[in-house]
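Fold and geometry: a report
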Amino acid sequence: MATATDTERTGERLAHLEGAYAHLATKSDLERSISSLIKWMVGIAVALFVPIYGVLITILILLLGD
């Protein structure tokens, strides 16, 4: 048989668990984060590709020359 103390403890534990839900990410939060991450990755890839491509073209021009 459950005592009042057990019931109070269960209520406290349940309230503690329900309070933690506010800190969890929702589906829309995750979708926005993934979308933002993809945009950053594409931007960084382009920003790295352009100078590397320029250096390679310059090297080819210097090697093949005139």
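Everything that follows concerns the structure shown earlier in this document.
What comes next concerns the included structure. Computed from a predicted structure; not experimentally measured. (Residues numbered from 1 in each chain as written. Predicted model: local features only at pLDDT ≥ 70, side-chain atom pairs only at ≥ 80, totals over all residues. Heavy atoms only, no water.)

Across its full length, the chain holds two helices and zero strands. Against the 2.2 N^0.38 benchmark of 11 Å for 66 residues, the chain shows a C-alpha radius of gyration of 29 Å, more extended than a compact globule. Each principal axis of the C-alpha atoms in the chain carries an extent, and together these give about 95 × 20 × 15 Å. Expressed as a percentage of the 66 residues in the chain, the buried residues total 0%. (Helix = DSSP H or I, 4+ residues; strand = E, 2+ residues; numbered from the N terminus. Rg over C-alpha atoms; globule rule 2.2 N^0.38 Å. Buried < 20%, exposed > 50% of the residue type's maximum accessible area, 1.4 Å probe, protein only.)

Before going further, it helps to examine the pattern of salt bridges. Under the counting rule described, the total for this entry stands at two salt bridges. Linking Asp29 and Arg32 is a salt bridge whose minimum nitrogen-to-oxygen distance equals 3.2 Å. Placement of both Asp29 and Arg32 in helix α2 (residues 27–64) is noted, with a separation of three residues, approximately one turn of the helix. You can call Asp29 partly exposed: its relative accessible area is 29%. (Salt bridge = Lys/Arg side-chain N within 4 Å of Asp/Glu carboxyl O.)

So, about the environment of Met41. Position of Met41 among the secondary structure elements: in helix α2. Here the alpha-carbon distance between Met41 and Leu60, two residues 19 residues apart in the chain, equals 28 Å.

Here we take up the packing of aromatic side chains. Tallied over the full model, the rule gives one aromatic pair. Centre to centre, the rings of Phe49 and Tyr53 are 5.6 Å apart; their planes meet at 20°, and the pair counts as stacked. Here Tyr53 and Phe49 lie together in helix α2, a separation of four residues that amounts to about one turn. Taking relative accessible area as the criterion, Tyr53 reaches 48% and is therefore assigned partly exposed. (Phe/Tyr/Trp six-rings, centres within 6.5 Å; stacked < 30°, edge-to-face > 60°.)

Here Ala22 lies in the loop between α1 (4–20) and α2. With 34 residues separating them in the primary sequence, Ala22 and Leu56 have C-alpha atoms 51 Å apart.

Glancing now at the environment of Leu60. Structurally, Leu60 can be placed in helix α2. In the structure, Leu60 is positioned 48 residues away from Glu12 in sequence and 71 Å away in space, judged by C-alpha atoms.

Moving on, we get to α2. Here α2 contains 38 residues, and its C-alpha end-to-end distance of 54 Å stays within 8% of the 56 Å for a straight helix at 1.5 Å per residue. Gly65 occupies a position one or two residues after α2 and carries a positive phi of about 45°. (Expected span 1.5 Å × (residues − 1).)

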